[in-house]
Amino acid sequence: MARAIVVVLDSLGIGATPDAGAYGDAGANTLGNIAARCAVQGQPLKLPNLARLGLPQAAQLASGAWPQAMPVDFSPVGAWAAARERSRGKDTPSGHWELMGCPVEFDWGYFPRAESPAENVFPAAQLQRWLTICDLPGSLGNTHASGTEIIESFGDEHVRTGWPICYTSSDSVFQIAAHEEHFGLARLYDICEKAKVIFDELNIARVIARPFVDAAPGQAQRFRRTGNRHDYTTPPVSRTLLDALVEAGREVHGVGKIRDIFAARGVTHHHAADGNAALCEATLAAMSACASGGMVFANLVDFDMLYGHRRDIQGYADALREFDAFLPRLLAAMQDGDVLVLTADHGCDPSWPGSDHTREHVPLLFAGAGVPAGRSLGVRESFADLAQTLAAHLGLAPVACGEKAW
């Protein structure tokens, strides 16, 4: 029986969508702007294995331009498309849910930026209730911030006072950073669970535990984040392809933060790993374990977390090259009847101002059984077209949203 393997290259946008101007993202192009910088530096972004699946063609569909100096394979073995997001946001849950057939057609709650950095961005009533329930005398931060920068700014004070560090971004999220040893990891998870209940009142999509520890001696940073992040996410608002698989008695192997993004719903097996390299190995392990008729769903978070948000163009380019070198192993691990899909959930252009996600098309690159090799599948009007295509491949009834790609 057929299987599906979906790998999300988190934040690999391929060009601004027609509505990007409403998000302040007109002209954003994660892949295109990385390729342009590499070309200027005399180090073209060569991704031969992704090119064999049609990544440059997908990028050209999305933006009207080929990624600068990126070699193109004009006889690709895969099929390609560029997909636009129907959901209103450009956040992680919305992107992943829509990929699985559940667009988010309402507005999440957000914390607007304060007019002055001295002003707290979190509503005082909810914040104080949370502090009281958790028996905390106060909190630090209370602002929009980069996660790595805010622990450098407040880490020592946090260790001294025991007050957690709270911050947000342009996503619908309340993030809590605390030192694993001085504050305690179990305690951090506990206060995050309590925060989720309170901030549900404001329709906040996620509360994220962001643990950190002291950095090794000689490092430029005082602290470093660990791999024990945990997302407390609102469950999908309607049935997804993952739900359909579980209802049919199939397996769903979530790799990385997939389980958290779907609030554990529709995920039968969880494969934890920290960092893209380990996540790639975990994906291979999940493929080896996944039964016929099932699905492996992986998220490679480093593209977004380490390079997109930190606006590290070189780091992002290097990570793409590393994944491209791994891709032949992924293809070789496929079984007869498998379909592999490489995609993304939003953009996070490392050349763009600020540190937030960008509203972009995402690639849909297909390889494997029944895929019309060497064919463009056009510009798709919803990420949910992926779910509809995979539902047909897996022999399931159609999902509620999306159109089959072939």
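Chemist: Explain unusual backbone geometry here, please?
Modeler: Residue S11 is not a glycine yet carries a positive backbone phi of 90°. Its location among the elements puts S11 in the loop between β1 (3-9) and α1 (30-40). The class for S11 is buried, based on a relative accessible area of 0%. Phi at N203 takes a positive value of approximately 60°, unusual for a residue other than glycine. Relative to the helices and strands, N203 resides in the loop between α7 (180-199) and β6 (206-214).

Chemist: So what exactly am I meant to see when it comes to empty space enclosed by the protein here?
Modeler: To find leftover empty space, a probe the size of one water molecule is rolled over the atoms. Applying the stated criterion across every chain yields a total of 2 cavities of 30 Å³ or more. In this structure, the largest cavity occupies an estimated 310 Å³ of space. In this structure, the largest cavity is lined by 24 residues; those nearest its centre are S169, Q175, R210, D304 and H309. Among the elements of the structure, α6 (147-161), β5 (173-179), β6 and α11 (302-308) are those that each provide at least two residues to the lining of the largest cavity. Of all the elements, β6 adds the most residues to the lining of the largest cavity, at 3 residues. Here the second largest cavity is characterised by a volume of approximately 40 Å³. Forming the boundary of the second largest cavity are L9, L12, L50, L55, L342, T343, P363 and L365. Of all the elements in the fold, those that place two or more residues in the lining of the second largest cavity are β12 (338-343) and β13 (362-368).

Chemist: Would you mind showing me how to read the pairing of β6 here?
Modeler: Residues in a regular strand point their side chains to alternate faces of the sheet. Of all 9 residues that make up β6, 8 are buried, and the element is covered over most of its length. Pairing analysis gives 7 bridges linking β5 to β6, with the strands arranged parallel. Across the sheet, I176 pairs through a bridge with A209, a residue of β6. Read from β5 through α7 to β6, the crossover connection turns out right-handed. Pairing geometry for β6 and strand β8 (residues 230-233), over 4 bridges, is antiparallel. Bridge pairing links V207 to Y232 in β8. Inspection of the sheet shows β6 paired to strand β7 (residues 223-225) by 3 bridges, in the antiparallel sense. In the strand pairing of β7, D214 is matched with F223.

Chemist: Honestly, the packing of aromatic side chains in this entry has me stumped. Any pointers?
Modeler: Within a pair of aromatic rings, the relevant descriptors are the distance that separates the centres and the angle that separates the planes. Summed over the entire model, instances satisfying the criterion amount to 14 aromatic pairs. Judged by centre distance (5.9 Å) and plane angle (55°), the ring pair of F262 and F297 falls under tilted. Of the two residues, F262 sits in the loop between α9 (258-261) and β10 (269-271) while F297 sits in strand β11 (residues 295-300), which places them 35 residues apart along the sequence. F262 sits in the buried class, given a relative accessible area of 0%. Exposure remark for F297: the relative accessible area of 0% places this residue in the buried category. Relative to F326, the ring of F323 has its centre 6.0 Å away and its plane inclined at 50°; by these criteria the two rings are tilted.

Rules used throughout
- Here the residue numbers are simple positions, counted from 1 along each chain's written sequence.
- Side-chain atom pairs in this predicted model are given and counted only at pLDDT of 80 or more, local residue features only at pLDDT of at least 70, and totals for whole chains, interfaces and linings cover all residues.
- Hydrogens are left out, water is left out, and the side-chain values use all remaining heavy atoms of the structure.
- Helix and strand definitions follow DSSP, with helices as H or I runs of at least four residues and strands as E runs of at least two, each counted in order from the N terminus.
- Here's how the labels work: a residue is buried when its accessible area is under 20% of the maximum for its type, exposed when over 50%, partly exposed in between, all with a 1.4 Å probe on protein chains only.
- Using a grid of 1 Å spacing that covers the protein atoms alone, one calls a set of points a cavity when a 1.4 Å probe fits there but cannot get out, and a pocket when the set is open and has protein on both sides within 12 Å along at least five of seven lines; lining residues are those with an atom within 4 Å of a point.
- Grid points are joined across faces, edges and corners, and a volume is the space filled by probe spheres set on the points.
- A pair of strands is labelled paired if DSSP reports no fewer than 2 bridges between them.
- The definition of a right-handed crossover adopted here requires that, viewed with the strands pointing away, the path from the first strand over the helix to the second runs clockwise.
- When two rings of Phe, Tyr or Trp (its six-membered ring) have centres within 6.5 Å they constitute a pair, described as stacked for plane angles under 30 degrees, edge-to-face for angles over 60, and tilted for the intermediate range.

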